[in-house]
Amino acid sequence: MRIILLGPPGSGKGTQAQLLVQRYGIVQLSTGEMLRAAVAAGTPVGLKAKEIMASGGLVPDEVVVGIISDRIDQPDARNGFILDGFPRTVPQAEALDELLRHKHLKLDAVIELRVNESALLNRVETRVAQMRERGEEVRVDDTPEVLTKRLASYRTQTEPLIHYYSERRKLSTIDGMMAIDEVTRAVHRQLLALGAVEPKTHARSAAKSAPAKKAKATKTATKKAAKKPAKAAKKAAKPAKTAKKAAKKAVKGAKKAAKKTAKKTVKKAAKKTVKKGSKKGPKKVTKKRAKR
Ligand code: AMP
């Protein structure tokens, strides 16, 4: 899935993008984040962008188009991406169309978060105050003065994109003034309606746990299967053992039987001898006695 989140600074694009990342397992490509990283790293792009960003202006189109084109080619973007903060001008949108065509990729939807401008200033002031309270570093362009300039550049340079994408039947507009989770639900409904996501796509945790369960089941099955041959081998070995035992038993039995038979024969023979002897004996004695 490839989507664009469109909206003025402070409209919640970043927040929604992160939630979409968790839900659909796609990456967030934020040109603002990439440029801030370039500034922090002191790269040539960063050096070019630093002053422009601090004053609330727009970095040249060719710079951001180059960054996005390279980023889309990264393996983690293969599954899909959310463009957050790009495109910001019509030439950037045209360049994006061109590079997507060139890469044989399709744009699924453009979601516009529509917000009330005066509410945006309040949001930014609250966010800055909260960040300061937490001791976090506040962005140099997150002050009410710079925000006013960023809003002006949104109106003149970015808002024409609403018309651009609506003409191409890509635009969906959502009320960005709703609570965060309501906006998320509305975005999901919109993506469903556009066919950009499967109806069964639930929270990512569910999608994640399903393969996890499957993997567990497979693991158990594999373990069982591994145990099976062992069991079978044991079973196969059993008859051999039994046969051995039986043979031993048979031999023992035969020996016993032979012994018994021999004993019996000996006994019988002895009995016979005794009988014969007793018959003959007295006779002999009698004979001897008779002789005497
Ligand atoms: P953001 O975090 O999206 O509000 O962007 C912060 C700043 O980065 C903007 O005020 C611009 O100076 C610069 N910037 C980010 N994205 C773009 C873009 N697509 N085109 C030009 N400048 C940009």
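Residues numbered from 1 in each chain as written. Predicted model: local features only at pLDDT ≥ 70, side-chain atom pairs only at ≥ 80, totals over all residues. Heavy atoms only, no water.

In this section: the layout of surface pockets. Quantified by volume, the second largest pocket comes out at close to 300 Å³. What lines the second largest pocket is simply R36, V39, A40, K50, M53, A54, E137, V138, R139, V140 and D141. Within the residue set of the lining of the second largest pocket, elements represented by two or more residues are α2 (31-41) and α3 (44-55). Of the residues belonging to the lining of the second largest pocket, the class tally is 6 nonpolar, no polar and 5 charged. (1 Å grid on protein atoms, 1.4 Å probe; cavity = no way out; pocket = protein on both sides within 12 Å on 5 of 7 lines; lining within 4 Å. Points joined across faces, edges and corners; volume = space filled by probe spheres on them. Helix = DSSP H or I, 4+ residues; strand = E, 2+ residues; numbered from the N terminus. Nonpolar A, V, L, I, M, F, W, Y, C, P; charged D, E, K, R; others polar.)

Once that is clear, we can look at the site of the ligand. In the region of the ligand, 16 residues are neighbours, and T31, G57, G85, R88 and R150 sit closest. At a separation of 2.9 Å, a nitrogen atom of the ligand approaches a polar side-chain atom of R88. Taking R150, its side chain carries an N or O atom lying 2.9 Å from an oxygen atom of the ligand. Relative to its unbound accessible area of 480 Å², the ligand is 96% covered by the protein chains. Within the shell around the ligand, the residues separate by chemical class into 6 nonpolar, 5 polar and 5 charged. (Near = heavy atom within 4 Å. Polar contact = N/O pair within 3.5 Å; in protein donor to acceptor, adjacent residues only side chain to side chain. Areas by Shrake-Rupley, 256 points an atom, 1.4 Å probe, with all protein chains shown as cover.)

Before going further, it helps to spend a moment on the nonpolar core. Residues L29, I72, F81, L83, L96 and Y165 are the most contacted members of the largest nonpolar core, which totals 30 residues. Within the residue set of this core, elements represented by two or more residues are β1 (2-6), β2 (27-30), α2, α3, α4 (61-72), β3 (81-84), α5 (90-102) and α8 (160-167). It is α4 that contributes the most residues to this core, 6 residues altogether. Among the nonpolar cores identified, the runner-up in size contains 18 residues, and Y24, I82, A186 and L191 belong to it. (Core = buried A, V, L, I, M, F, W, Y, C linked by side-chain atoms within 4.5 Å. Buried < 20%, exposed > 50% of the residue type's maximum accessible area, 1.4 Å probe, protein only.)

According to UniProt, the "binding site: AMP" (unreviewed entry) feature falls on T31, R36, G57, L58, V59, G85, F86, P87, R88, Q92, R139 and R150. Set against the second largest pocket, the annotated residues named above that line it are R36 and R139. Its place among the elements puts F86 in the loop between β3 and α5. Apart from the residues lying within four places of it in its own chain, the contact partners of F86 are I4, T31, V64, V65, I68, Q92 and L96. (UniProt positions renumbered as here; feature names shortened; annotations may be inferred. Contact = heavy atoms within 4.5 Å.)

This part is about the UniProt feature "binding site: ATP" (unreviewed entry) in the protein chain. With numbering aligned to this structure, UniProt lists the feature "binding site: ATP" (unreviewed entry) at G10, S11, G12, K13, G14, T15, R134 and M178. Among the secondary structure elements, S11 is positioned in the loop between β1 and α1 (13-24). Take S11: its relative accessible area is 3%, and that puts it in the buried class. Once you skip the residues sitting within four places of it in the chain, S11 turns out to touch L113, V115, L120, R123 and G176. A distance of 2.7 Å separates the side chain of S11 from the backbone oxygen of P8, its partner in a polar contact. Mapped onto the fold, G14 is located in helix α1. The residues touching G14, leaving out its near neighbours within four places in the chain, are Q28 and D84.

On to the packing of α2 against α4, then. Here α2 crosses α4 at 100 degrees, and the two axes come no closer than 11 Å. Of the possible angle classes, the one that applies to α2 and α4 is roughly perpendicular. Packed against α2, whose contacting residues are T31, M34 and L35, the element α4 presents V64, I67, I68 and R71 at the interface. For the contact of α2 with α4, the residue count by class is 5 nonpolar, 1 polar and 1 charged. (Axes fitted to C-alpha atoms, helices over the stretch in contact; angles between N-to-C directions. Parallel < 35°, antiparallel > 145°, perpendicular 65-115°, else oblique.)

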